[in-house]
Amino acid sequence: MKKVLTYGTYDLLHYGHMELLRRAKELGDTLYVGLSTDEFNSSKNKVSYFNFEQRKQMLKGVKYVDFIFEENDWEQKARDIEQYDIDILVMGSDWEGKFDYLSGLCEVIYLPRTEGVSSTKIKEILQAD
Ligand code: C2G
C-alpha cells in the first residue's frame, strides 16, 4: 500500500486543487492531506475565505482524499512522514525544490501547477461583488 502525502490551504476549492489531488492519488493507494490551520495561515499573513472546519468539510467531499490532519507549522513534515509511514510527498511546482530536504525520508515529487486559477483570484472576484 503506497501512501502519498500533500499539504495545502485548499481555500475556495478549485480545479487546480482537484488536479493536484487527482494526480497525487494516482501515484499511490492512500492520500493524506495536511490542511493548514487558520492559525498557521495567519502566521503566513494569509487569511483564507473559509475557515479550517469549512475547508476540511469541503476536502472530505473529494474522492481522492483519504485522510486529513492539521498542518500547524513548517517543521512538522518530517514527523508526519514518519508517523504516517509516507512513501511519497507531492506538492505543486510552485514549491519546486522547497521540500527536497525530506528526500531522505520519502520520495518528493513536484507536479506542474494548473495555470490560470488560484484561490487569490477567486477571492478577488468574490470581494469585488
Ligand atoms: N495548486 C496547483 N495549481 C493551482 C493552485 C494550487 O497545483 N492553480 C497546488 C499547490 O501547488 C499546492 C496545492 O495545490 O500543492 C494546494 O495549494 P494551496 O491551497 O495554495 O496551498 P499552499 O498555500 O501552497 O500551501 O506547507 C505547504 C503549504 O501548506 C502549501
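Computed from a predicted model, the values in this text were never measured in an experiment.

The rules behind each value
Residue numbers restart at each chain and count upward from 1, following the sequence in its written direction. Residues qualify for local features only when their pLDDT is at least 70, as the model is predicted, and side-chain atom pairs are given and counted only at 80 or more; totals for whole chains, interfaces and linings, by contrast, use all residues. The side-chain figures draw on all heavy atoms in the structure; neither hydrogens nor water molecules are used. For the purposes of this entry, the term helix denotes a DSSP run of H or I that reaches at least four residues, the term strand denotes a run of E that reaches at least two, and both are numbered from the N terminus. C-alpha atoms define the radius of gyration in this analysis, and the globule rule sets the expected value at 2.2 Å times the number of residues to the power 0.38. The buried label goes to any residue with under 20% of its type's maximum accessible area, the exposed label to any with over 50%, and the partly exposed label to all in between, with areas taken from a 1.4 Å probe on protein chains only. It only takes one pair of heavy atoms within 4.5 Å for two residues to be counted as in contact. Residues scored as charged are limited to Lys and Arg (positive) and Asp and Glu (negative), so that His and the chain ends carry no count. The atoms used to mark charge sites are NZ of Lys, CZ of Arg, CG of Asp and CD of Glu. Buried Ala, Val, Leu, Ile, Met, Phe, Trp, Tyr and Cys residues form a nonpolar core when they are joined through side-chain atoms within 4.5 Å. By the criterion applied in these results, polar contacts are pairs of N or O atoms within 3.5 Å in which, for protein atoms, one can donate a hydrogen and the other can accept it, and in which residues neighboring in sequence qualify only through two side-chain atoms.

A. Region of interest: the overall build of the protein chain. When you go through the protein chain residue by residue, the secondary structure sums to 5 helices and 5 strands. Taken from the N to the C terminus, the helices and strands of the protein chain come in the order β-α-β-α-α-β-α-β-β-α. For a compact globule of 129 residues, the expected C-alpha radius of gyration is about 14 Å, and the protein chain comes in at 14 Å, within 12% of that figure. Its C-alpha atoms give the protein chain principal-axis dimensions of about 45 × 25 × 25 Å. Within the protein chain, buried positions represent 47% of all 129 residues. Considering only contacts in the protein chain between residues 6 or more positions apart, those separated by 24 or more positions represent 65%. Positive and negative side-chain charges of the protein chain, numbering 17 and 23 respectively, have mean locations separated by a distance of 3 Å.

B. A look at the nonpolar core. Counting residues in hydrophobic clusters, the biggest one holds 18 residues, and the most contacted among them are Y10, L21, L31, V33, L59, V65 and V90. Listing elements by their share of this core, those giving two or more residues are helix 1 (15–26), strand 2 (30–36), helix 3 (52–60), strand 4 (88–92) and strand 5 (107–111). Excluding residues that lie within four positions of it along the chain, L59 makes contacts with Y10, L13, L21, V33, L35, V65 and I68. By size, the runner-up hydrophobic cluster in this structure holds 14 residues, among which are Y32, I81, I86 and L89.

C. Structural detail: the side chain of T9. Looking at the element boundaries, T9 is found in the loop between strand 1 (3–8) and helix 1. A polar side-chain atom of T9 sits 3.1 Å from a polar atom in the side chain of K46.

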